[in-house]
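Listed below are the residues making up each chain.
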Amino acid sequence: AQSVSQHNHHVILSEAASLELGCNYSYGGTVNLFWYVQYPGQHLQLLLKYFSGDPLVKGIKGFEAEFIKSKFSFNLRKPSVQWSDTAEYFCAVNDPTSGTYKYIFGTGTRLKVLA
Amino acid sequence: EAGVVQSPRYKIIEKKQPVAFWCNPISGHNTLYWYLQNLGQGPELLIRYENEEAVDDSQLPKDRFSAERLKGVDSTLKIQPAELGDSAVYLCASSPSGIGYEQYFGPGTRLTVT
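Residues numbered from 1 in each chain as written. Chains lettered and ligands numbered in written order. Predicted model: local features only at pLDDT ≥ 70, side-chain atom pairs only at ≥ 80, totals over all residues. Heavy atoms only, no water.

J.: Give me the overall build of chain A: which residues, what numbers.
T.: Summing up its helical and strand segments, chain A has 0 helices and 12 strands in all. For a compact globule of 115 residues, the expected C-alpha radius of gyration is about 13 Å, and chain A comes in at 14 Å, within 12% of that figure. Counting only C-alpha atoms and orienting by the principal axes, one finds that chain A spans roughly 45 × 30 × 20 Å. Buried residues in chain A amount to 46% of all 115 residues. Put simply, 56% of the contacts in chain A that link residues at least 6 apart link residues at least 24 apart. Carbon and sulfur atoms make up 53% of the accessible area of chain A, which amounts to about 5400 Å² in all. (Helix = DSSP H or I, 4+ residues; strand = E, 2+ residues; numbered from the N terminus. Rg over C-alpha atoms; globule rule 2.2 N^0.38 Å. Buried < 20%, exposed > 50% of the residue type's maximum accessible area, 1.4 Å probe, protein only. Contact = heavy atoms within 4.5 Å. Areas by Shrake-Rupley, 256 points an atom, 1.4 Å probe, with all protein chains shown as cover.)

Here it is in structure tokens:
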């Protein structure tokens, strides 16, 4: 069965620090990959997604993620975080060939940015 | 454009009582999902609808959980009877039909069973 691992459960950074959140998945076939964010008191929303093509994907608010197939990874990055990036971040994977449309989510990484 | 609407936002009930959650998806979205999110975990799919048909309910505990999506629009998720372990956030999401579309999530219903 597919699984998604987010090894960093809690991350604390100062403003302007660089961010990298890890995401690894356990499926060797074709995958669609997503990063969702949940700001305090708000609903989950999409940051970025990868389906095919350029493995470096740019999303909203200056976030980007790189798909490395050989490492089964889809790490999220931002060169300089802001206090407003404080949120919980979820990585998710979908197998587009399975026909199930099922998304598997990681356990999330809670990011706190100190002003 | 209105987002996914869920109600109630919070619900506190005693164990063995029934409870129902309601979801109104984004207009035109034929696919509707119900997820369960425990504290410190990511969302886990309970059931997925394509229009009014439940096409994936393999993770739904059918002894106490039920769901319906009459007319392929609004959906209701019910628990009867609730157990202490059902305390969680219940999320509804919708998307256009087809693989690869992003899911749009509602704010969730936080259920506390005492």
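J.: Go over the side chain of S95 of chain B with me, naming the residues and quoting the values.
T.: All names here are of chain B. Assignment of secondary structure puts S95 in strand β9 (residues 88-95). Classification of S95 as buried rests on a relative accessible area of 1%. Those residues in contact with S95, other than ones at most four positions away along the chain, are H29, N30, T31, Y33, Y101, E102 and Q103.

J.: Can you explain the pattern of salt bridges? Please cite residues and give values.
T.: For the coordinates displayed, the defined rule picks out 9 salt bridges over all chains. Residue E64 of chain A pairs with R77 of chain A through a salt bridge whose shortest N-O separation is 3.3 Å. In this pair, E64 of chain A sits in strand β8 (residues 64-68) while R77 of chain A sits in strand β9 (residues 73-78), placing the two residues 13 residues apart along the sequence. Judged by its relative accessible area of 18%, E64 of chain A falls in the buried class. On the basis of relative accessibility, which here comes to 23%, the residue R77 of chain A falls in the partly exposed class. With a closest N to O distance of 3.3 Å, R64 of chain B and E83 of chain B form a salt bridge. Here R64 of chain B is found in the loop between β6 (53-56) and β7 (65-68), whereas its partner E83 of chain B is found in the loop between β8 (75-79) and β9, with 19 residues between them in sequence. One salt-bridge network, held together by shared partners, links K58, E64, E66 and R77 of chain A. (Salt bridge = Lys/Arg side-chain N within 4 Å of Asp/Glu carboxyl O.)

J.: Explain the interface of chain B and chain A to me, and be specific about the residues and the numbers.
T.: Counting residues at the interface gives 22 residues for chain B and 20 residues for chain A. Both faces combined, the contact of chain B with chain A buries some 1800 Å², and carbon together with sulfur accounts for 55% of it. On inspection of chain B and its partner chain A, the count reaches 0 salt bridges. At the surface where chain B touches chain A, the tally comes to 2 residue pairs in polar contact (both at pLDDT 80 or more). Contributing elements (two or more residues each) for the side of chain B that touches chain A: β4 (31-37) and β5 (44-50) of chain B. For the side of chain B that touches chain A, the per-class residue count stands at 9 nonpolar, 9 polar and 4 charged. (Buried area = accessible area lost by both parts, 1.4 Å probe. Polar contact = N/O pair within 3.5 Å; in protein donor to acceptor, adjacent residues only side chain to side chain. Nonpolar A, V, L, I, M, F, W, Y, C, P; charged D, E, K, R; others polar.)

J.: Give a description of the pairing of strand β3 (residues 19-24) of chain B that names residues and reports values.
T.: Taken residue by residue, a regular strand's side chains alternate between the two faces of the sheet. Residue and element names in this part refer to chain B. Only one face of β3 is buried: it carries V19, F21 and C23, and the other face, with A20, W22 and N24, is open. Across 3 bridges, the pairing between strand β1 (residues 5-7) and β3 is antiparallel. Each residue of the ladder has a partner; that of S7, found in β3, is W22. Taken together, the 5 bridges between β3 and β8 define a ladder with antiparallel strand orientation. Among the inter-strand pairings, A20 is bridged to a residue of β8, identified as K78. (Pairing = 2+ DSSP bridges.)

J.: Residues and numbers for the packing of aromatic side chains, please.
T.: Between two aromatic rings, the relevant description is the distance of the centres plus the angle of the planes. Enumeration over the complete set of coordinates arrives at 17 aromatic pairs over all chains. For the ring pair Y50 of chain A and F74 of chain A, a centre distance of 6.5 Å and an interplane angle of 45 degrees mean the geometry is tilted. In this pair, Y50 of chain A sits in strand β6 (residues 45-50) while F74 of chain A sits in strand β9, placing the two residues 24 residues apart along the sequence. Judged by relative accessible area, which is 8%, Y50 of chain A ranks as buried. Three or more aromatic residues joined by ring pairs form one cluster here, namely F34, Y36, F51, Y103 and F105 of chain A together with Y33, Y35 and F105 of chain B. (Phe/Tyr/Trp six-rings, centres within 6.5 Å; stacked < 30°, edge-to-face > 60°.)

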